[in-house]
Amino acid sequence: MAVAPPPAASLVLSPKQARSPWRIPSLPLVISLTLAVSRCLDLAVDLFKFVANIAAIVILSRGRCGLSRCITRYLVFMAVTDLLVIITAVILNRIGGIYFRNSILSTTPACSISTVLIYSSRDSSVWLTVAFTFDRCVAICCQKLKTKYCTETTAAVVIGVVCALSCLKNIPFYFTYEPLFTINKVAWYCNIKLTFYVSPAWTAFAWLDRILTPCAPFLLMLLLNAVTVRYILGASRVRRRLRAQNNGASQSDPEMESRRKSIILLFTISGSFILLWLTYVINFLCVRIENNNYFNDPKFILQESGNMLQLLSCCTNTFIYTVTQSNFRQQLKNALKYPLNLVVKLLL
């Protein structure tokens, strides 16, 4: 079975194509214009993702959102890893590959290091989301373990271990590339080695990579959320019966409303993660099972769609977790009003 090249691999274009990042001469005018508009939209979306994560990091780091220090630490580092994905996968790899061709970013060592950084930041982002989901599951379902596990110290240890293991696990990607060509003893661009496609060891590593990200997080998040929702629904039924016996069922229950919001939040996070990574997983399975030409048009579109949605997920996890908090929204409003108030004061 064929092994698909890592999605972080840089696209190699001819010197003639490299002259203009907005037009590929061999394509019809309509397609060239479509690509140009698509790249403009990509830049706008990338800018939004970058600003969203910066805003989340700044606001959460101030500790004024009414969240515990444990939750805040998780959310801050989730935003940090998401920001690293934007910097490595989008700014250095995609934007750098389009607008700064033939720069140091196109050398083989830089390309190889970029791939390792992309995969490391991606895995850290995904597994920190899983770690945070597990932390919330423990906090809701295991009251005895909550006092020992759901602490700032434990969160710091978990974050450090997750990031360290993510880096170690992706070091082998550095050795999957060889120079496309060498000029004046300088190795340029990244060409995937033939052994990556035929070696049983590399095939096993590719499968392990996809199992660890995102297949295992899929299953773990579904399991953890199912356990959490089951506990909340069971506790809610008991609470409703007690309130019905004491005060009547018609009265509103603030605690029940809070639990309902928790269930909605959990389903939103799980659904967002699964939907945004689903295309990536389908592309992975199609390439390995069908064993067809990797660069057929439908498969190329599927691959690029999966990569785009994967990168989009880097600005949704923290966004969903934090924007649902009223204190975060207020802090965001204050941050947006501050430049306007400053301008007004200077003018007056």
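Refer to the preceding data block for the structure.
Quick caveat: nothing in here was measured; it's all calculated off a predicted structure.

## Observations concerning the overall build of the chain
Of the regular secondary structure elements, the chain holds 12 helices and 2 strands. Counted from the first residue to the last, the chain has its helices and strands arranged as α-α-α-α-α-α-β-β-α-α-α-α-α-α. Burial analysis of the chain (348 residues in total) assigns 41% to the buried set. Within the chain, counting contacts between residues at least 6 apart in sequence, those at least 24 apart form 75% of the total. By element, 69% of the accessible surface of the chain is carried by carbon and sulfur atoms, the whole surface being about 19,200 Å².

## Considerations on the nonpolar core
Ranked by size, the top nonpolar core spans 25 residues in total, and within it L60, Y74, L75, F132, Y149 and V158 carry the most contacts. Ranked by the residues each element gives to this core, the list is headed by helix α3 (residues 69-99), at 8 residues.

## Regarding the packing of aromatic side chains
Taken as a whole and judged by the stated rule, the model has 10 aromatic pairs. Seen in terms of ring centroids, Y74 and F132 are 5.8 Å apart; in terms of plane orientation they differ by 50°. Their pairing is tilted. Taken together, the positions of Y74 in helix α3 and F132 in helix α4 (residues 108-141) put the pair 58 residues apart, joining distant regions of the chain. Between F196 and W202 the ring centres are 5.7 Å apart and the planes differ by 45°, which places this aromatic pair in the tilted class. Pair check on accessibility: F196 and W202 agree, each one buried.

## Considering a nonpolar patch on the surface
Taken together, the side chains of I113, L117, V157, V161, L165, L168, I171, Y174 and F175 make up a nonpolar region of the molecular surface, amounting to roughly 830 Å² of accessible area. Of all the secondary structure elements, the ones that give two or more residues to the nonpolar patch are α4 and α6 (152-170). Ranked by residue count, the leading element in the nonpolar patch is α6, at 4 residues. Locating V161 in the fold gives a position in helix α6. Judged by its relative accessible area of 43%, V161 is partly exposed.

## Notes on the state of the cysteines
Considering all chains together, one arrives at 1 disulfide under this definition. C141 takes part in no disulfide bond, and the closest cysteine sulfur to it belongs to C137, at a distance of 4.2 Å. Residue class for C141 comes out buried when judged on its relative accessible area of 18%.

Cut-off values and rules
Residues numbered from 1 in each chain as written. Predicted model: local features only at pLDDT ≥ 70, side-chain atom pairs only at ≥ 80, totals over all residues. Heavy atoms only, no water. Helix = DSSP H or I, 4+ residues; strand = E, 2+ residues; numbered from the N terminus. Buried < 20%, exposed > 50% of the residue type's maximum accessible area, 1.4 Å probe, protein only. Contact = heavy atoms within 4.5 Å. Areas by Shrake-Rupley, 256 points an atom, 1.4 Å probe, with all protein chains shown as cover. Core = buried A, V, L, I, M, F, W, Y, C linked by side-chain atoms within 4.5 Å. Phe/Tyr/Trp six-rings, centres within 6.5 Å; stacked < 30°, edge-to-face > 60°. Patch = residues over 30% accessible without salt bridge, like charges linked within 9 Å, V, L, I, M, F, W, Y side chains within 5 Å. Salt bridge = Lys/Arg side-chain N within 4 Å of Asp/Glu carboxyl O. Disulfide = S-S within 2.5 Å.

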